Amino acid sequence: MLVAAAVSPCPPLLVPEVAAGAAPELDAARAACTDVLGVLAAARPDRLVVVGPAEEGARGPYPEGARGSFRAFGVDLDVRLGGNGPRPRRRSAWSEPVGSADRELPASLAVAAWLLNRTDWSDAPVEGLGLEETLETERCVEAGAGIAARSDRVALLVMGDGSACRTLKAPGYLDERAAGFDAEVARALGAADVAALEALDAGLAQELKAAGRAPWQVLAGAADGAGLSGALLYEDAPYGVGYLVAAWS
């Protein structure tokens with residue numbers, strides 16, 4: 001059963017070494033991410049599952065200890081997914097493909113690993129799941145329900161950005177639909193509105209380059225019937241990309 005969830009954006013710019021001179025611009029977002037991880041720890045989960053968008057070749061499960069890096073962004077910085085505590089590693093909720101522990105984490109899960117390492121996460125075993133951004137809503141919801149059913153006390157760390165079309169200089173250029181899309185996602189996350197997240201238009205999300213759509217709908221599937229309440233801790237669009245931080249507990 002899902003007992004808590006944290007929602008975070010996943011730009012590598014969250015990592016100060018990647019952002020370099022622009023690092024202070026996301027200090028508020030980093031602080032909010034630290035706060036929502038505290039909510040997860042306070043829920044005392046027995047399993048933490050991290051979900052985030054991934055390219056086709058990087059989707060699938062990642063066990064605790066899987067490694068990632070930010071070398072693709074010009075920074076000699078390595079991370080690993082969880083594994084900070086003294087506890088023995090538990091079996092993954094998913095069957096692990098041969099060599100899965102050796103595959104490098106997709107960028108979204110590498111950012112999650114950095115956040116967890118930054119807060120010295122050792123409260124529960126960690127698993128990662130990379131999601132193709134075009135994954136159908138029904139499959140996202142089913143995946144979330146399956147995650148919630150794996151253990152008595154499951155927590156989710158949900159990585160994903162909103163639209164990338166909020167300004168003329170945004171990665172996807174300006175789209176007048178982007179602000180409304182992000183506002184509805186922010187409202188749904190702040191209210192823990194499962195139905196609204198399930199109702200997000202996957203086609204529109206793809207057009208707006210909203211990488212968080214699939215992970216948010218996994219959250220909806222996991223939270224259905226859990227009776228969680230939500231709180232929106234951060235909402236902004238630096239660089240023309242919607243960044244949202246929320247906690248469900």
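Coordinates for the structure precede this section.
Since the model is a prediction, treat every value here as computed from it, not as a measurement.

Our next topic: the sheet that holds strand E8 (residues 230-236). Spatial strand order, E3-E6-E2-E7-E1-E9-E8: 7 strands in an open sheet with mixed pairing. Strands with a single pairing partner mark the edges of an open sheet, and in this sheet they are strand E3 (60-62) and E8. Averaged over all pairs of adjacent strands, the angle between their axes in this sheet comes to 20 degrees, without regard to strand direction. Packed onto the sheet, helix H5 (residues 178-191) meets strand E1 (2-8), E8 and strand E9 (243-248) and runs at close to 150 degrees relative to E8.

As a further point, take the packing of aromatic side chains. This model, assessed by the stated rule, comprises 1 aromatic pair. Consider the rings of phenylalanine 70 and phenylalanine 73, whose centres lie 6.5 Å apart with planes at 45 degrees: the pair is tilted. By relative accessible area, which is 0% here, phenylalanine 70 ends up buried. By relative accessible area, phenylalanine 73 is classed as partly exposed at 40%.

Once that is clear, we can look at a nonpolar patch on the surface. Nonpolar side chains collect at one region of the surface, where Leu168, Tyr173 and Leu174 lie side by side and expose about 320 Å² of accessible area between them. Inspection of the secondary structure assignment puts leucine 174 in the loop between strand E7 (154-159) and H5. Since its relative accessible area comes to 41%, leucine 174 is described here as partly exposed.

So, on to the pairing of E9. Counting buried residues along E9, 6 of its 6 residues qualify, which places the element largely inside the surrounding structure. Side chains Tyr243, Val245 and Ala247 project from E9 onto one buried face, and the interleaved Leu244, Ala246 and Trp248 project onto a second face that is buried too. Strand direction decides the pairing type here: E1 and E9, joined by 3 bridges, are antiparallel. Looking across to E9, one finds that alanine 5 is bridged to tryptophan 248. Across 6 bridges, E8 lies against E9 in antiparallel orientation. In the sheet register, alanine 231 faces E9, and the bridge partner there is alanine 247. Between E8 and E9, which follow one another and run antiparallel, lie 6 residues, and tyrosine 239 among them has a positive phi close to 60 degrees.

Helix-helix packing: each pair is described by the crossing angle between the helix axes and the interaxial distance. Look at helix H2 (residues 27-42) against helix H3 (residues 107-118): their axes get within 10 Å of each other, and the N-to-C directions meet at 70 degrees. Here H3 runs roughly perpendicular to H2, going by the angle between their axes. Taken together, the residues of H3 that come into contact with H2 (itself represented by Arg30, Cys33, Thr34 and Leu37) are Trp114, Leu115, Leu116 and Arg118. Tallied by class, residues from the contact of H2 with H3 come to 5 nonpolar, 1 polar and 2 charged.

Definitions and limits used
Position numbers for residues count from 1 along each chain, tracking the sequence in the order it is written. Where local features are concerned, this predicted model is filtered to residues with pLDDT of at least 70; where side-chain atom pairs are given and counted, the filter is 80 or more; whole-chain, interface and lining totals use all residues. Computation of side-chain values: all heavy atoms of the structure, hydrogens and water removed. Pairing between two strands is assigned when DSSP locates at least 2 bridges connecting them. The numbering of helices and of strands both runs from the N terminus, where a helix is a DSSP run of H or I of at least 4 residues and a strand a run of E of at least 2. Every angle, taken between N-to-C directions, lies between 0 and 180 degrees, and every axis is a line fitted to C-alpha atoms, over only the stretch in contact when it is a helix. Residue contacts are counted whenever heavy atoms from the two residues lie within 4.5 Å of one another. Aromatic contacts are taken between Phe, Tyr and Trp rings whose centres are within 6.5 Å, Trp giving its six-membered ring; a plane angle under 30 degrees counts as stacked, one over 60 as edge-to-face, and the others as tilted. Three exposure classes are used, based on accessible area relative to the maximum for each residue type with a 1.4 Å probe and protein chains only: buried under 20%, partly exposed in between, and exposed over 50%. Excluding any residue in a salt bridge, patches collect residues exceeding 30% relative accessible area, merging like charges within 9 Å and nonpolar Val, Leu, Ile, Met, Phe, Trp and Tyr side chains within 5 Å. Using a 1.4 Å probe, accessible areas were evaluated by the Shrake-Rupley method; residue-level cover was limited to the displayed protein chains. A pair is scored as a salt bridge if a Lys or Arg side-chain nitrogen falls within 4 Å of a carboxyl oxygen belonging to Asp or Glu. The scheme is simple: roughly parallel for angles under 35 degrees, roughly antiparallel for over 145, roughly perpendicular for 65 to 115, oblique for anything else. All amino acids are sorted into three groups, where Ala, Val, Leu, Ile, Met, Phe, Trp, Tyr, Cys and Pro are nonpolar, Asp, Glu, Lys and Arg are charged, and the leftover types, Gly among them, are polar.

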